[in-house]
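What follows is each chain in one-letter form.
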Amino acid sequence: MVTHPWAEILRGYAEADRWTRAERREWLRRLTPEEAWEIFDTLYRFWEQTGERSGGDWAALEGRRIRETLALREALNRFARAKGLYEPSD
């Protein structure tokens, strides 16, 4: 059976995702409560400086993220249909 290069790319992304998740779980397992609070404090200070008080349009950013996610999903659905692999979700 001949596989399309895109199928190999998608399998590669899935494998990379599995490795990344495993590494993240291991890092979180070893994280001390003090380290976790330090990371939280750093992120919170950054959010205070750039997010909450920056005047940015958070609703517009969320809308853009949703549109981009839907566009990617539709592109993957078109690819799957073209390859005869499409199985619509409920």
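Residues numbered from 1 in each chain as written. Predicted model: local features only at pLDDT ≥ 70, side-chain atom pairs only at ≥ 80, totals over all residues. Heavy atoms only, no water.

## Focus on a nonpolar patch on the surface
On the surface, a nonpolar cluster with roughly 620 Å² of combined accessible area is contributed by W6, I9, L10, Y13, L72 and L76. Counting only elements with at least two residues in the nonpolar patch, the list comes to α1 (5-30) and α3 (58-82). No other element matches α1, which puts four residues into the nonpolar patch. Topologically, Y13 is positioned in helix α1. For Y13, a relative accessible area of 59% puts it in the exposed group. (Patch = residues over 30% accessible without salt bridge, like charges linked within 9 Å, V, L, I, M, F, W, Y side chains within 5 Å. Areas by Shrake-Rupley, 256 points an atom, 1.4 Å probe, with all protein chains shown as cover. Salt bridge = Lys/Arg side-chain N within 4 Å of Asp/Glu carboxyl O. Helix = DSSP H or I, 4+ residues; strand = E, 2+ residues; numbered from the N terminus. Buried < 20%, exposed > 50% of the residue type's maximum accessible area, 1.4 Å probe, protein only.)

## Remarks on the pattern of salt bridges
Going through the model one piece at a time under the given rule, you end up with eight salt bridges. One salt bridge connects R21 with D17, and the closest N-O pair in it is separated by 2.9 Å. Taken as a pair, R21 and D17 lie in helix α1 at a separation of four residues, close to a single helical turn. E26 is the partner of R29 in a salt bridge, and the nearest nitrogen-oxygen pair spans 2.6 Å.

## Regarding α3
Taking 1.5 Å of rise per residue, the 25 residues of α3 would be expected to cover 36 Å, and the 36 Å separating its terminal C-alpha atoms lies within 8% of that figure. With its phi angle positive at about 75°, G84 sits one or two positions after the end of α3. (Expected span 1.5 Å × (residues − 1).)

## Focus: the packing of aromatic side chains
By the definition in use, this model includes two aromatic pairs. Consider the rings of W37 and F40, whose centres lie 5.5 Å apart with planes at 90°: the pair is edge-to-face. Of this pair, W37 and F40 both sit in helix α2 (residues 33-52), three residues apart, which is roughly one turn of that helix. By relative accessible area, which is 55% here, W37 ends up exposed. For F40, a relative accessible area of 44% corresponds to the partly exposed category. A ring pair is formed by F40 and Y44, whose centres lie 6.0 Å apart and whose planes are at 20°; its orientation type is stacked. Pair noted here: F40 and Y44 are both in helix α2, with a separation of four residues, about one helical turn. Exposure remark for Y44: the relative accessible area of 36% places this residue in the partly exposed category. Each member of the aromatic cluster is reached from another via a ring pair, and the members are W37, F40 and Y44. (Phe/Tyr/Trp six-rings, centres within 6.5 Å; stacked < 30°, edge-to-face > 60°.)

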